[in-house]
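This is what each chain is made of:
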Amino acid sequence: MVVTFGMSDIGPWSLMDTSAQSADMIMRMMARNSMSEKLAEDIDAAVKRISDEAYVIALSHIRNNREAIDKIVEVLIEKETMTGDEFRAILSEFVEIPAENRVPPTPAPVTAQ
């Protein structure tokens, strides 16, 4: 996010040579070695800041939704898998689901008499 897409306070530009954007680890290391020490430190700090902020947000979501998470865990231990609709149905017992993500009610089956 920081080096390839410029998503930090360092600047809105890519700091990696396009030839080094491949999965080739040696090219990535060479690109890293061509940076100044200050820029490398700034990149490390930006990555750490993003990681720390994401950790705080994740921890907050876990703490605020512990009951829902426990219920989902119970179902997963029993069934091992669940659909998105099942997940949203359980979650909706504990929190308000945005309208665009709600599970539409299943119509009752019609029985012939």
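Rules used in this analysis
- Residues numbered from 1 in each chain as written.
- Predicted model: local features only at pLDDT ≥ 70, side-chain atom pairs only at ≥ 80, totals over all residues.
- Heavy atoms only, no water.
- Helix = DSSP H or I, 4+ residues; strand = E, 2+ residues; numbered from the N terminus.
- Buried < 20%, exposed > 50% of the residue type's maximum accessible area, 1.4 Å probe, protein only.
- Contact = heavy atoms within 4.5 Å.
- Areas by Shrake-Rupley, 256 points an atom, 1.4 Å probe, with all protein chains shown as cover.
- Salt bridge = Lys/Arg side-chain N within 4 Å of Asp/Glu carboxyl O.
- Axes fitted to C-alpha atoms, helices over the stretch in contact; angles between N-to-C directions.
- Left-handed = near helix turned anticlockwise from the far one by under 90°.
- Nonpolar A, V, L, I, M, F, W, Y, C, P; charged D, E, K, R; others polar.
- pLDDT = per-residue confidence, 0-100.

Naming follows an unreviewed UniProt entry, where the chain appears as ATP-dependent zinc metalloprotease FTSH 2, chloroplastic of Sesamum angolense.

Caption draft 1: Representation of the overall build of the chain. Within the chain one finds four helices and zero strands. When the helices and strands of the chain are listed from N to C terminus, the series reads α-α-α-α. For the chain, buried positions account for 16% of its 113 residues. Within the chain, contacts between residues at least 6 apart in sequence are counted, and of these 29% link residues at least 24 apart. For the chain, the accessible area works out to roughly 9,000 Å², and carbon and sulfur atoms hold 59% of it.

Caption draft 2: Just the pattern of salt bridges, in detail. Summed over the entire model, instances satisfying the criterion amount to five salt bridges. A salt bridge links R66 to D70; its shortest N-O distance comes to 3.1 Å. You can see R66 and its partner D70 sitting in helix α3 (residues 66–79), four residues apart, about one turn around the helix. In this structure, the salt-bridge partner of R88 is D85, at a minimum N-O distance of 2.7 Å. Highlighted residues: R88 and D85, both in helix α4 (residues 84–92), separated by three residues, approximately one helical turn. A residue is classified by how much of its surface remains accessible, and D85, at 40% relative accessible area, is partly exposed.

Caption draft 3: Here's a closer look at unusual backbone geometry. Non-glycine residue E80 carries a positive phi angle of around 75 degrees. Note that E80 resides in the loop between α3 and α4. Assessed through its relative accessible area of 68%, E80 is described here as exposed.

Caption draft 4: View of the packing of α3 against α4. Put simply, α3 and α4 touch, their axes get as near as 9 Å, and they point 145 degrees apart. Crossing angle aside, the handedness with which α3 passes α4 is right-handed. Here A68, K71, I72, V75 and K79 of α3 come into contact with α4, specifically with E86, F87, I90 and L91. When the residues that make up the contact of α3 with α4 are grouped by side-chain class, the tally is six nonpolar, no polar and three charged.

Caption draft 5: How the structure looks around the confidence of the model for the chain. When the pLDDT values of the chain are averaged, the result is 79; 69% of them are 70 or greater. Summarising per-element confidence for the chain, the mean pLDDT is lowest in helix α1 (residues 25–33) (57) and highest in α3 (94).

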